[in-house]
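These are the residues of each chain, in order.
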Amino acid sequence: MTIRFENGIVVTGGLNSKVLWNGAVVTEGETIVAVGDATAMKNQFPEAEAVECKGMMILPGFICTHHHFYSTMARGMAIPGEPASNFVQILERLWWKLDRALLEEDITLSAQIPLIECIRAGTTTVIDHHASPGMRDGSLDLIEKAVRQAGLRASLCYEVSDRNVAGGGIEENEWFIKKIGRGDGQIAAMMGLHASFTLTDATLEKCVGIARDAGVGCHIHVAEDAADREDSIQKYRMPTVNRLQKWGVTGEKSIFVHCVHIDETEMDLIASTKTSVVHNPESNMNNAVGVTRLFELLKRGVLVGLGTDGMSSNMLAQMRCAYLLHRLANQDPRVAFLEAPQLLLQNNADICERQFGLRLGELAQGRPADLAIMNYIPPTPLTEANFLGHLIFGLVHARVDTTVCRGKILMRNGKILTLDEEQLAARSRELAPKMWQRLQGLAA
Ligand SMILES: [Zn+2]
């Protein structure tokens, strides 16, 4: 089926991003076949179905390179006991209980609801990191099913950790990686690891062996809090990144999430091994763990992407957060204007290319048909030269009208077409209090 998304302002994305007023994007099946002037496209593809995009901007679908779907049901939950005063307590009192309390249907709903939110935010590709020690085997299958039903793309993994049981989660990753193989462009697999401080050398060695044999990367939290760094120095006499490098966790397909508490030598190691870093500014602010030295990583040529860490599925909001955080942290109003959008628009696409083998984030002939179509009428001139100003100060507050992934329209006029939002939210409101109750009964 051929579709013309027409009469909108097209922003092509990619390295030489163009702005086309009264433009059109033509898709056929899962692929973009042409991008250009709306009238010319209408003449060239007269038979195509037309989707009116007047008053809208047509952008490449957004990408989130670190998410935790499983965190969904934490919303509004009262956390038992004293408020956590540090990062490890946040894990012990909230996340390491919540993940154990999840049952089969909770896992499915916990994926479906953020997938709906992704569609609402124009986020068409997600790299997720899952944990559910109480219902581990087959959990990635449940999430895969939800992703396929929603119509988005996702790279999935299970968070291996020695905290409950030695090597817990290795088999879940292993069989899922084998099942997915090279992937079909919609679902990809990684080896998921929690963090250095919950993983023994033996587990790291085993996981890296499986990942290497399968040709996939590792997805791991790195030095999110100072506790991860201190643990590594105390137990292994080396900082976190050095330890991970020693066991071969680094590499072009691997993702090191956060990297807040790392030194210059670790940054050099990340750069020399071409390991990707994913920055999650909102989460770092929420957990009060510190500020990633973003510019020092970028200066070294590190590929730094942007994730939400489960805080939301809205990538424009996350980009704006990065922009504001690094201005404040550096006390310099000249910085982050280029870098924050770069993480979202270019670097996330580069990271995904290593996972999916597809070039996302660009509207051009032959590229995947993933679109975020937003209601936005520019109140000032809009060109290639000032697009980032519109992105940071205007589009960030605009509503996504239509979301397209793999050529399929997943939302039109703000209505989700692939999942029943009301019904799923109602069921989640029934199940969440039961999960909260199970959580209350769990020991730390
Ligand atoms: Zn995370």
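Located above this text is the structure these notes cover.
A few points on the structure.

### So, the sheet that holds strand β14 (residues 304-306)
Note on sheets: strands pair through backbone hydrogen bonds, and any given pair is parallel or antiparallel. With respect to topology, five strands assemble into an open sheet ordered β10-β11-β12-β13-β14, the strand pairing being parallel. In this open sheet, the two strands that pair with only one neighbour each are β10 (191-195) and β14. When strand polarity is set aside, the average angle formed by the axes of neighbouring strands in this sheet is 25 degrees.

### Comments concerning unusual backbone geometry
A positive phi angle is found at C259, which is not glycine, with a value near 50 degrees. Looking at the secondary structure, you find C259 in the loop between β12 (255-258) and α9 (264-272). Although it is not a glycine, N413 adopts a positive phi angle of roughly 50 degrees. Along the polypeptide, N413 turns up in the loop between β17 (408-412) and β18 (415-416).

### Concerning empty space enclosed by the protein
A complete count under the given rule lists two cavities of 30 Å³ or more for this structure. The calculated volume of the largest cavity comes to roughly 60 Å³. G61, L360, G361, E362 and D370 are, among the 13 residues lining the largest cavity, the residues nearest its centre. Residues that form the lining of the largest cavity fall into these classes: five nonpolar, four polar and four charged. For the second largest cavity, the calculated volume is near 40 Å³. Taken together, the residues that form the lining of the second largest cavity break down as four nonpolar, two polar and three charged.

### Comments concerning the sheet that holds strand β9 (residues 187-189)
Taken together, the four strands give an open sheet; going across it, the order is β6-β7-β8-β9, and neighbouring strands pair in parallel fashion. The open sheet is flanked by β6 (62-67) and β9, the only strands paired with a single partner. Adjacent strand axes in the sheet meet at a mean angle of 15 degrees, parallel and antiparallel pairs treated alike. Both β6 and strand β7 (residues 123-128) contribute to a ladder of four bridges, which runs parallel. In the strand pairing of β7, C64 is matched with V126. Where helix α3 (residues 104-121) meets the sheet, its contacts fall on β6 and β7, and the angle it forms with β7 comes to roughly 140 degrees.

Basis of the calculations
- Residue numbers here run from 1 along each chain, matching the order of that chain's written sequence.
- Given that this is a predicted model, residues contribute local features only at a pLDDT of at least 70 and side-chain atom pairs are listed and counted only at 80 or more, while totals for whole chains, interfaces and linings are drawn from all residues.
- With hydrogens and water stripped out, all remaining heavy atoms of the structure feed into the side-chain values.
- The criterion for strand pairing is that DSSP finds at least two bridges linking the strands in question.
- Each helix corresponds to a stretch of at least 4 residues labelled H or I by DSSP, and each strand to a stretch of at least 2 residues labelled E; elements are numbered beginning at the N terminus.
- Each axis is a line fitted through C-alpha atoms, and for a helix only the stretch in contact is used; angles between axes span 0 to 180 degrees, taken between their N-to-C directions.
- A pocket, in this scheme, is an open set of points on a 1 Å grid over the protein atoms alone with protein on both sides within 12 Å along at least 5 of 7 lines, while a cavity is a set where a 1.4 Å probe fits but cannot get out; residues line either one if an atom lies within 4 Å of a point.
- Grid points are joined across faces, edges and corners, and a volume is the space filled by probe spheres set on the points.
- Ten residues, namely Ala, Val, Leu, Ile, Met, Phe, Trp, Tyr, Cys and Pro, are considered nonpolar, four, namely Asp, Glu, Lys and Arg, are considered charged, and the remaining ones, Gly among them, are considered polar.
- Whether two residues are in contact is decided by their heavy atoms: any pair within 4.5 Å suffices.

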